[in-house]
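Remarks on the overall topology
As a plain string of letters, each chain reads:
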Amino acid sequence: MSEQTTEMTPTVEVNYADKIPNNVNLSDDRRLQRAMEKWQPEFIDWWKSMGPDGFQDAEVYLRTAVGADPKGWAVFDYVKMPEYRWGILLAPKEEGRVIPFGKHKGEPVWQEVPGEYRSMLKRLLVIQGDTEPASVEQQRYLGKTCPSLYDLRNLFQVNVEEGRHLWAMAYLLQKYFGKDGREEAEALLNRRSGDEDKPRILGAFNEKTPDWLSFFMFTFFTDRDGKMQLESLAQSGFDPLARTCRFMLTEEAHHMFVGESGVGRVIRRTLEKMKEAGITDPNEVDKVRALGGVDLPALQRKVNFHFSVTLDLFGAEVSTNAANAFNAGIKGRYREDRLEDDHQLLNETYPVLRGVDGKLVEVEEPALNAINARLLDDYIKDASAGVNRWNKIFDEFGIDFQITVPHKAFNRRVGEFAEMHVDVAGNVMSEAEWNAQAANWLPSQADEDYLLSLMKPVTEKGQYADWIAPPKVGIDKKPGDFEYVTIES
Ligand code: BYC
Ligand code: FE
Ligand code: FE
């Protein structure tokens, strides 16, 4: 007992065998346990200083994963977030699993890191791991303006689970990458979203999430990049990574639910207000704002922003990094196991939209080099299907409006179109023309100021801010007036 209780954290006593839910026999690996014992209090320090501001003592009705089986992975109870049981959970091992793609296709999966792919794997784990705490940092202040206790609880659920995803990557780094891995696990706690000197690695994770519409858009669009990347890594020939990501995906589904239902509820509330006031033209922005609703053109601009910023997360469309990772059997395609081809792609091509002499042209590229382009296309399909589900709400209210996703070359900073200026419909133009119209396409300061003016906290049980409709059902089937978060006053 005493051996397993660390002295390093005065505030949170940790008995590693009991407190860290895990299905990796943590207590059998002394070296790893020591590494995690050193990292755990640093994580808690990070959580307390960079996690949800002002709610560290609140009791939150959270889902904790205590096992990877259907019974263990969704246990609900009140918990103070710093005492959340961040665990290490891998999906069950599949006996006889073989590497599903690339040049090692058909060989037994690796249980240890293959030496020749060590640095490639480490880089992917670090990039994946870096996004998780970044998103928590981006969402740090949102609790103060929550539209309801239900939404507050969902925010915190997402935050603790992103924390758990960080644990997942920190575990892989510390278990399989020795001293290097331990250093990288510490560095994951030391970079900061938006910091000039030590920013997070990928662009979208240094943007602000200043209001709740941004949060819902982020969880809809950017967590969906998480889903696509995790689905690709879940195919990995490095089995511990594949199993880790498969379990992370069970949590990711909830994050996208929060985003999709959140934006849907904003749309619904706006349409209710329009209907009550007899407004049928969505472009009557001033009237909608006078009623305290989120106008649809501003909502579309938010979509344009979050979509385009998220597309940059897929890297360059044509990428030798991605080709190498695929060939090596380290990172596959989206749901590789459901695709029907040779899974080696040595003689295949894939059509990639490229910027050639200032024009958008579809070019057949070697499929291996087009792995990122393909994942991007799969993402666009998946995100567009979600947007179409929002569009059904307009039909329901008989309002003639549709949300659309912008063209994939719009507003890009990474990849093929980074140097081009392309509008939401896919027209290439000069920088001056683009700048002159950018305010129609991307959220303006005035949009942001208006959204911020709506962000007044609502913390009475069962009450909702006036700009968002209540959810159809509660979390864990709780009734409408359930106290999802108990805030000490
Ligand atoms: N920003 O061949 P390229 C999630 C760099 S989200 C800055 O284009 P590659 C979550 C790149 O590093 C999922 N730099 O890229 C969501 C490279 O630099 P070096 C996160 C960028 O490697 C919400 C150079 O450009 N997981 O989980 O094929 C909440 C050329 O590289 C960016 C992953 O991304 C950028 N956007 O693809 C919480 C999975 N893009 O090395 C969590 C792991 C590229 O030449 N990562 N660069 O100096 C990967 O699979 C790949 O690294 C990437 C890039 C897809 C990110
Ligand atoms: Fe995550
Ligand atoms: Fe997520």
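Quick note: structure is the one above.
A few points on the structure.

Cut-offs applied
Counting of residues starts from 1 at the beginning of each chain's written sequence and follows it residue by residue. Chains and ligands are labelled sequentially in the order written, the chains with letters from A and the ligands with numbers from 1. Where local features are concerned, this predicted model is filtered to residues with pLDDT of at least 70; where side-chain atom pairs are given and counted, the filter is 80 or more; whole-chain, interface and lining totals use all residues. Nearness here has a simple definition: the residue's C-beta atom, placed using the backbone, must lie within 6 Å of the molecule or strand. In DSSP terms, a helix is any run of H or I states spanning at least four residues, a strand is any run of E spanning at least two, and both are numbered starting from the N terminus. Classes in brief: Ala, Val, Leu, Ile, Met, Phe, Trp, Tyr, Cys and Pro nonpolar; Asp, Glu, Lys and Arg charged; the others, Gly included, polar. Between N-to-C directions, angles cover 0 to 180 degrees, with each direction set by a line fitted to C-alpha atoms, over the stretch in contact for helices. The labels follow the angle: roughly parallel below 35 degrees, roughly antiparallel above 145, roughly perpendicular from 65 to 115, and oblique for the rest. By the definition used in this description, the sense in which the near helix is turned from the far one sets the handedness, with an anticlockwise turn below a right angle giving left-handed and a clockwise turn giving right-handed. In this description, a residue-residue contact is defined by the distance between C-beta atoms placed from the backbone, which must lie within 7 Å. Here exposure depends only on C-beta density: within 10 Å of a residue's C-beta, 20 or more other C-beta atoms make it buried, 12 or fewer make it exposed, and intermediate numbers make it partly exposed, the C-beta atoms being placed from the backbone. Put simply, a nonpolar core is a cluster of buried Ala, Val, Leu, Ile, Met, Phe, Trp, Tyr and Cys residues tied together by C-beta atoms within 7 Å. We treat two strands as partners when DSSP finds at least two bridges between them. The length a helix should cover is 1.5 Å for every residue beyond the first. The directions from the helix axis to the C-beta atoms are what the arc is built from.

Notes on the site of ligand 1
Near ligand 1 there are 25 residues, and of these G226, G315, A316, S319 and N321 occur at the shortest range. Going through the elements one at a time, α3 (118-138), α6 (212-233) and α10 (320-327) are the ones with two or more residues in the shell around ligand 1. Element by element, the count of residues in the shell around ligand 1 is highest for α3, at 6 residues. Of the residues in the shell around ligand 1, the class split is 8 nonpolar, 11 polar and 6 charged.

Digging into the packing of α3 against helix α4 (residues 149-176)
Look at α3 against α4: their axes get within 8 Å of each other, and the N-to-C directions meet at 155°. The pairing of α3 with α4 is recorded here as roughly antiparallel in orientation. For the crossing formed where α3 meets α4, the hand is left-handed. For the pair α3 and α4, the contacting residues are L125, Q128, G129, E132, P133, S135 and V136 in the first and N159, E162, G163, H165, L166, M169, A170, L172 and L173 in the second. The class makeup of the residues in the contact of α3 with α4 is 8 nonpolar, 6 polar and 2 charged.

Overview of unusual backbone geometry
Its identity is not glycine, yet R335 carries a phi of approximately 50°, on the positive side. Inspection of the secondary structure puts R335 in the loop between α10 and β3 (349-356). Judged by C-beta crowding, with 13 C-beta atoms within 10 Å, R335 ranks as partly exposed. Not every positive phi belongs to a glycine, and L345 is a case in point at roughly 65°. For L345, the position within the fold is in the loop between α10 and β3. Residue class for L345 comes out buried when judged on the 22 C-beta atoms lying within 10 Å of it.

Quick word on the nonpolar core
In this structure, A170, L172, F216, M217 and V266 are the most contacted members of the largest nonpolar core, which totals 115 residues. Per element, the largest residue contribution to this core is 16 residues, and it comes from α4. Discounting chain neighbours no more than four positions away, the residues touching L172 are L125, P240, L241 and T244. A409, F410, F417 and V422 belong to the second-largest nonpolar core, a separate cluster that totals 5 residues.

Some details on the sheet that holds strand β5 (residues 485-486)
Pairing between the strands of a sheet comes from backbone hydrogen bonds, and it takes one of two forms, parallel or antiparallel. Strand order in this open sheet of 3 strands is β2-β1-β5, and the pairing throughout is antiparallel. The open sheet has two edge strands with one neighbour each: β2 (75-80) and β5. The pairing of strand β1 (residues 59-64) with β5 spans 2 bridges and is antiparallel. Of the residues in β5, the one forming a bridge with V60 is V485. Packed on one face of the sheet, α4 meets β1 and β5 and runs near 50° to β1.

Describing the pairing of β1
As judged from the 6 bridges shared by β1 and β2, these two strands associate in the antiparallel manner. Along β2, the bridge assignment pairs R63 with F76.

What about helix α11 (residues 371-397)?
Side chains three or four residues apart in an α-helix point the same way, a direct result of the helix having 3.6 residues per turn. Along its 27 residues, α11 runs 41 Å from first to last C-alpha, staying within 8% of the 39 Å computed at 1.5 Å per residue. Those residues of α11 lying buried are I371, N372, A373, R374, L375, L376, Y379 and A383. The inward-facing, buried residues of α11 contact α6, α9 (296-311), α10 and β3. Of the residues flanking the end of α11, it is G398, one or two places downstream, whose phi is positive at about 65°.

Quick notes on the environment of L124
Along the chain, L124 falls in helix α3. Placed 201 residues apart in sequence, L124 and A325 show a C-alpha to C-alpha distance of 9.4 Å. Residues within four places of L124 in sequence aside, it is in contact with L233, I330 and K331.

Quick notes on α10
Buried residues of α10: A322, A325 and F326, and no others. Seen end-on, α10 carries its buried residues on one side only, within an arc spanning 100°. Looking at the buried residues of α10, the elements they touch are α3 and α11. Following α10 by one or two positions, G329 has its phi on the positive side, about 80°.

Let's talk about the packing of α6 against α9
Packing of α6 against α9 brings their axes to within 9 Å, and their N-to-C directions diverge by 30°. Looking at the two axes, α6 sits roughly parallel to α9. The handedness of the crossing between α6 and α9 comes out as right-handed. Across the interface between the two elements, L213, S214, M217, F218, F221, T222 and D225 of α6 pack against K302, V303, H306, F307 and T310 of α9. For the contact of α6 with α9, a count of residues per class yields 6 nonpolar, 4 polar and 2 charged.

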